[in-house]
Amino acid sequence: MADGRLPDPTPAVRLSDATVRLGGRDIWSHVDLVVEPGTFVAVLGPNGAGKSTLVKAVLGVVPLSGGRIEVFGRPPGEGGRDIGYLPQRRSFDAGMRVRGVDVVRMGVDGDRWGLPLPWGSARRARDARVDEAIDMVGAGDYAGRPIGEVSGGEQQRLLIAQALVRHPRLLLLDEPLDSLDLPNQAAVASLISDISRASGITVLIVAHDVNPIASALDAVVYVAQGKAVSGTPDDVITTGTLSALYGTPIEVLTTSDGRRVVVGQPDAASHHAGPHGHTHGHTHDHGGSE
Ligand SMILES: Nc1ncnc2c1ncn2[C@@H]1O[C@H](COP(=O)(O)OP(=O)(O)OP(=O)(O)O)[C@@H](O)[C@H]1O
Ligand SMILES: [Mg+2]
């Protein structure tokens, strides 16, 4: 590991026979899953499958109706400052005057509303962390501008900095690449994987499309049809596994330089395509985008 410690044998996340029931139905059930510390893991699957629910269960905000979840060997919700979280679908309207640097600082102080601001050395330590996080995501040039004025990709980087500012051991990112163009998807994906490798952070990233992140992944969790399956990208990103999970033909092609490209993955136009849903084939070829 980068900091020279011995590898920690406790999994970052472990689900054992876990079931979540919401609105009178099981979203997914009997899920067994281990996320090794320091790995970069994608959570994939169709809309409505329960990917965000999985992230919220790991956070401890959605309770299990059966089974167990442990986060670094402890019940979820006790991780506190060990976890950085970027929720799905964030936006700042154009008139928002709060600066990027303030948004990042909320990652440190967000749970301190109403408490006195830190001062003196505590304040300097906090500001140093904020600057470091802004540096890590390369947002120095625009962190001083109102967040509503910077581009979607720049906002995304600032929000990743906000999630990083407490030095979490586990980063939960729910679709951090949505609304980014292809070059920015690739850039933000490689930024997250570089940060994960350099600092030993475990990353669980929900992604709509595996192609932009495929090369960085250590493992994949597929959530579909009430189940979750995990494995190496080689095992899970296959024609057979994906077609079975999505209930529609999906082809996995390998490009001449060895990258995998998923073709026919149901896209956002085919929400909730289960075994009986109809789907629109869609090609996601992000090959030449880097
Ligand atoms: N509080 C709730 N009560 C009832 N049903 C819920 C609740 N929260 C989520 N659901 C349902 O659980 C299912 C899974 O939702 P979830 O947000 O986890 O899906 P997802 O895989 O993240 O989808 P997307 O790709 O659209 O973000 C959906 O059918 C959703 O409507
Ligand atoms: Mg979701």
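Each value, and the rule that gives it
Residues numbered from 1 in each chain as written. Chains lettered and ligands numbered in written order. Predicted model: local features only at pLDDT ≥ 70, side-chain atom pairs only at ≥ 80, totals over all residues. Pairing = 2+ DSSP bridges. Helix = DSSP H or I, 4+ residues; strand = E, 2+ residues; numbered from the N terminus. Axes fitted to C-alpha atoms, helices over the stretch in contact; angles between N-to-C directions. Contact = placed C-beta atoms within 7 Å. Near = placed C-beta within 6 Å. Nonpolar A, V, L, I, M, F, W, Y, C, P; charged D, E, K, R; others polar.

> Looking at this structure, I do not really get the sheet that holds strand S5 (residues 83-86). What am I missing?
Across a sheet, strands are paired by hydrogen bonds formed along the backbone, either parallel or antiparallel in direction. If you trace the 6 strands from one edge of the open sheet to the other, you get S5-S6-S7-S3-S8-S9, paired in mixed fashion. Either end of the sheet is taken by a strand with one partner, and the two such strands are S5 and strand S9 (227-231). With strand direction ignored, the average angle separating the axes of adjacent strands in the sheet is 15 degrees. Of the pairings in the sheet, the one linking S5 to strand S6 (residues 170-174) comprises 4 bridges and is parallel in character. Bridge assignment links isoleucine 83 to a residue of S6, and that residue is leucine 170. Sheet contacts for helix H4 (residues 152-164): S5 and S6; angle to S5, the most-contacted strand, approximately 155 degrees.

> Sorry, what's going on with the site of ligand 1 here?
Residues in contact with ligand 1, as listed here, are Leu22, Gly23, Ile27, Gly45, Asn47, Gly48, Ala49, Gly50, Lys51, Ser52, Thr53 and Gln88. Its residues assigned to classes, the shell around ligand 1 shows 3 nonpolar, 8 polar and 1 charged.

> Would you explain the sheet that holds strand S4 (residues 66-71) in this entry?
One open sheet holds the 3 strands; their spatial order is S2-S1-S4, and the pairing between them is antiparallel. Both outer strands of the open sheet, strand S2 (25-35) and S4, are each paired with one neighbouring strand and no more. Here the average twist between neighbouring strands, direction ignored, is 25 degrees. By the bridge criterion, 7 bridges tie strand S1 (residues 13-22) to S2 in an arrangement that is antiparallel. Considered in S2, the bridge of arginine 14 is made with valine 34.

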